[in-house]
Amino acid sequence: MRWLPDTRRTSYARVVQHTCDQCRTVSYELCSAGGLRFIRRTDRTRAARPEVRETERLITCRAQEMWRDLLLGLVR
């Protein structure tokens, strides 16, 4: 999986699914915007400034496959 710097390509993205952000410093969100989906990764290791990265925008079926693989630990 290729992570891209957060580009803020859209002003609004709907979170479809997410992982727990209470018990881990790195959390993931499956987001939807403009008819496409992407995965957002938030790393809160540095308390002062979290690092946010996003995958490229993908069609729904490919994003769902990537999300599934992420949850199964097949990709990072």
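To be clear, the structure that these remarks concern was listed above.
Residues numbered from 1 in each chain as written. Predicted model: local features only at pLDDT ≥ 70, side-chain atom pairs only at ≥ 80, totals over all residues. Heavy atoms only, no water.

With that settled, the discussion passes to the overall build of the protein. In terms of regular secondary structure, the protein is built from one helix and five strands. When the helices and strands of the protein are read in sequence order from the N terminus, they spell out β-β-β-β-β-α. Across the 76 residues in the protein, those meeting the buried criterion constitute 30%. If you take every contact in the protein between residues at least 6 apart in sequence, the share linking residues at least 24 apart comes to 35%. Roughly 5,500 Å² of accessible area belongs to the protein as shown, and the carbon and sulfur atoms make up 47% of that amount. (Helix = DSSP H or I, 4+ residues; strand = E, 2+ residues; numbered from the N terminus. Buried < 20%, exposed > 50% of the residue type's maximum accessible area, 1.4 Å probe, protein only. Contact = heavy atoms within 4.5 Å. Areas by Shrake-Rupley, 256 points an atom, 1.4 Å probe, with all protein chains shown as cover.)

Right, let's get into the nonpolar core. Nonpolar side chains in soluble globular proteins tend to be buried together. Ranked by size, the top nonpolar core spans eight residues in total: Tyr28, Leu30, Ile39, Leu58, Ala63, Met66, Trp67 and Leu70. Going through the elements one at a time, strand S3 (26-33) and helix H1 (60-71) are the ones with two or more residues in this core. Per element, the largest residue contribution to this core is four residues, and it comes from H1. Every residue in contact with Trp67, bar those within four places of it in the chain, is listed here: Gln17, His18, Thr19, Tyr28, Glu29, Leu30 and Ile39. (Core = buried A, V, L, I, M, F, W, Y, C linked by side-chain atoms within 4.5 Å.)

What follows deals with the pattern of salt bridges. Tallying each qualifying case throughout the model produces six salt bridges. As a salt-bridge pair, Asp21 and Arg44 come within 3.9 Å of each other at their nearest N and O atoms. Note that Asp21 is positioned in the loop between strand S2 (14-18) and S3 and Arg44 in the loop between strand S4 (36-43) and strand S5 (51-54), a separation of 23 residues in sequence. Judged by its relative accessible area of 34%, Arg44 is partly exposed. Residue Arg53 is joined to Glu51 by a salt bridge in which the shortest nitrogen-to-oxygen separation is 3.2 Å. Three or more residues joined by partner-sharing salt bridges are found here, namely Glu29, Arg40, Glu54 and Arg57. (Salt bridge = Lys/Arg side-chain N within 4 Å of Asp/Glu carboxyl O.)

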